[in-house]
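# Report on the structure
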Amino acid sequence: MPNVRLSDVARRAGVSTKTVSNVVHGFVHVRESTRARVQQAIDELGYRPNLRGRNLATGRTNMLALAFPDLRIPYFAELAHVIAEAAAERGYRLLLEESGGAPDAERAILSAQEAGIVDGVLLQPVWLTSTDIAQHRREVPLVLLGESSAPLTIDHVRIDNIAAAAQVVRHLAALGRRRIAFACAEQPAPTETSRQRLIGYQQGLEACGVPVDTSLIVSGRVADAHSAAAALGAALDRGMAPDAVLCRDDLTALGALLALAERGIRVPDDVAVTGWDDSTLASAVRPSLTCVRADEQQLARRAVELLIERIEGYDGLGRHEIVEHSLVIRESAPAADE
């Protein structure tokens, strides 16, 4: 039966529409015999509760939105999976959105269009500034992920990218590497992710007494492993001669492995390579990638917890939290004693 209404179920079960509503919303003060009769009518008619109608009755949809710039990036896809699990444990389903890293799309995700559809939003912005986010009117609770700065009023969960990049440089310097390249900084302007990792890169070089050489910073319009390979390959062909490459993410590291292999440069013998994110690809390639790894479980669970606290009424200042990270040592940049 098309467009089955609450009244159709009530008529079939021989009860009031209020009783049907009570059954649909799980209210306990309904006789078991009546509940069974209503449920039988629901099953026979194929009735499906209207999401907006349920939202009006309960004020909740038990849906969360998760918005990442690009779901093709392995780290985002894998983190989305972990967040979905954390949300499910709390009785929430996840609606995935892709911003493409576009300012207008990020603004739209912050707008009132989410009201009535989801109870809260998890967003990893690329270009929106802290001021942009603070000034945008919100009708839905929000938690930010990633490297961009957050307003004092908004919850934010991230890793310390500056400290992590400096740790990678220290590891490479301990291997005796002195010409450590960074790949890749986006053109025409680096994202906040690259900016923070570049700061850590510089801090690490200075702490280890390694000269900072801007000619070792590879720039390009980097969107995937092949773009990264082209950017690094062009730099190598121009005469850049690194003995290590700190890559801003795993896809860039895969591109670096490709560019170096095409030129007969051995990893790690001639050039050590490190990735970032420790996606499932990192341990599947050869040589396997030494990577920065965020504690995805901690990040996902804490982000979901903060968002649900907002949904349930918390209205205090933003909680800005840093989760743990580690450096996973593999073949592309092994330990100093190997």
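Scroll up a little and you will see the structure.
These remarks concern the structure in this document. (Residues numbered from 1 in each chain as written. Predicted model: local features only at pLDDT ≥ 70, side-chain atom pairs only at ≥ 80, totals over all residues. Heavy atoms only, no water.)

## Thoughts on helix 9 (residues 192-207)
- The first and last C-alpha atoms of helix 9 sit 22 Å apart over 16 residues, in line with the 22 Å expected at 1.5 Å per residue.
- Buried residues of helix 9: T193, S194, Q196, R197, L198, G200, Y201, G204 and L205, and no others.
- The positive-phi residue at the C-terminal boundary of helix 9 is G209, with phi of around 70 degrees. (Helix = DSSP H or I, 4+ residues; strand = E, 2+ residues; numbered from the N terminus. Expected span 1.5 Å × (residues − 1). Buried < 20%, exposed > 50% of the residue type's maximum accessible area, 1.4 Å probe, protein only.)

## Re the environment of V140
- Residue placement: V140 occurs in the loop between helix 7 (130-135) and strand 4 (142-145).
- Taking the C-alpha atoms as reference, V140 lies 14 Å from T153; in sequence the two are 13 residues apart.

## Thoughts on the pattern of salt bridges
- Following the criterion strictly, the structure yields 22 salt bridges and no others.
- The partner of D104 in a salt bridge is R107, and the shortest N-O contact between them spans 3.0 Å. Note that D104 and R107 are positioned in helix 6 (residues 103-110) at a spacing of three residues, about one turn of the helix.
- Here R248 ties to D249 by a salt bridge, and the two come within 2.6 Å at their closest N and O atoms. The two residues R248 and D249 agree in class, both being buried.
- Among the charged side chains, a network of salt bridges with common partners joins D155, E309, R310 and R319. (Salt bridge = Lys/Arg side-chain N within 4 Å of Asp/Glu carboxyl O.)

## Overview of the packing of helix 2 (residues 17-24) against helix 3 (residues 32-45)
- Their axes nearest at 10 Å, the elements helix 2 and helix 3 cross at an angle of 90 degrees. Relative to helix 3, the element helix 2 is oriented roughly perpendicular. Between helix 2 and helix 3, the residues in contact are T19, V20, V23 and V24 and T34, R35, V38 and I42, respectively.
- Among the residues forming the contact of helix 2 with helix 3, the class breakdown is five nonpolar, two polar and one charged. (Axes fitted to C-alpha atoms, helices over the stretch in contact; angles between N-to-C directions. Parallel < 35°, antiparallel > 145°, perpendicular 65-115°, else oblique. Contact = heavy atoms within 4.5 Å. Nonpolar A, V, L, I, M, F, W, Y, C, P; charged D, E, K, R; others polar.)

## Considering the sheet that holds strand 7 (residues 217-220)
- Strand order in the open sheet formed by six strands is 7-6-8-9-10-12, with mixed pairing between adjacent strands. Two strands in the sheet have a free side with no partner beyond their single neighbour: strand 7 and strand 12 (325-328). Geometrically, the sheet is characterised by an average inter-axis angle of 20 degrees between neighbouring strands, direction not taken into account.
- Contacts between helix 11 (residues 250-262) and the sheet are confined to strand 6 (180-186), strand 8 (244-247), strand 9 (272-276) and strand 10 (290-294), with strand 9 contributing the most and set at about 155 degrees to the helix. (Pairing = 2+ DSSP bridges.)

## So, the packing of aromatic side chains
- On inspection of all chains with the given rule, the structure shows three aromatic pairs.
- Ring geometry for Y75 and F76: centres 5.8 Å apart, planes at 50 degrees, overall tilted. Note on accessibility: Y75 and F76 belong to one class, buried.
- An aromatic cluster is defined as three or more aromatic residues linked by ring pairs; in this entry it consists of F68, Y75 and F76.
- Over the ring of Y314 we find R319; its NZ or CZ atom is 4.0 Å from the centre of that ring. (Phe/Tyr/Trp six-rings, centres within 6.5 Å; stacked < 30°, edge-to-face > 60°. Lys NZ or Arg CZ within 6 Å of the ring centre and 35° of its normal.)

## Digging into the layout of surface pockets
- Here the largest pocket is characterised by a volume of approximately 930 Å³.
- Surrounding the largest pocket, 46 residues form its lining, I73, F76, E186, T191 and R248 being those nearest its centre.
- If you list the elements that add at least two residues to the lining of the largest pocket, you get helix 5 (74-89), strand 5 (155-158), strand 6, helix 9, helix 11 and strand 10.
- The residue makeup of the lining of the largest pocket, split by class, is 21 nonpolar, 11 polar and 14 charged. (1 Å grid on protein atoms, 1.4 Å probe; cavity = no way out; pocket = protein on both sides within 12 Å on 5 of 7 lines; lining within 4 Å. Points joined across faces, edges and corners; volume = space filled by probe spheres on them.)

## Side note on helix 1 (residues 6-13)
- Within helix 1, burial applies to D8, V9, A10 and A13.
- In this structure, the buried side of helix 1 is in contact with helix 2 and helix 3.
- Within two residues after helix 1, G14 carries a phi angle of roughly 70 degrees, on the positive side.

## Some points on the environment of A294
- Turning to its location among the elements, A294 is positioned in strand 10.
- Here A294 falls in the buried class, since its relative accessible area comes to 10%.
- Taking the C-alpha atoms as reference points, A294 and D160, separated by 134 residues in sequence, lie 9.4 Å from one another.
- Setting aside residues no more than four positions away along its own chain, A294 makes contact with Y75, I159, E324 and H325.

## Things to note about the state of the cysteines
- Applying the stated criterion across every chain, the model contains zero disulfides.
- The thiol of C208 is not disulfide-bonded; the next cysteine sulfur, from C247, is found 18 Å away.
- We note that C247 lacks a disulfide partner, and the nearest cysteine sulfur, in C184, lies 7.1 Å from it.
- A residue is classified by how much of its surface remains accessible, and C247, at 0% relative accessible area, is buried. (Disulfide = S-S within 2.5 Å.)

## Let's talk about the nonpolar core
- In terms of nonpolar packing, the biggest core is built from 76 residues, with I83, L122, L145, Y201, V273 and L289 touching the most fellow members.
- Once residues lying within four places of it in the same chain are set aside, the contact partners of V273 are V245, C247, A253, A256, L257, L260, V267, L289, T290, S332 and A333.
- Residues I109, I133, L142 and L144 belong to the second largest nonpolar core, which totals 15 residues. (Core = buried A, V, L, I, M, F, W, Y, C linked by side-chain atoms within 4.5 Å.)

That is the geometry; function is a separate question.
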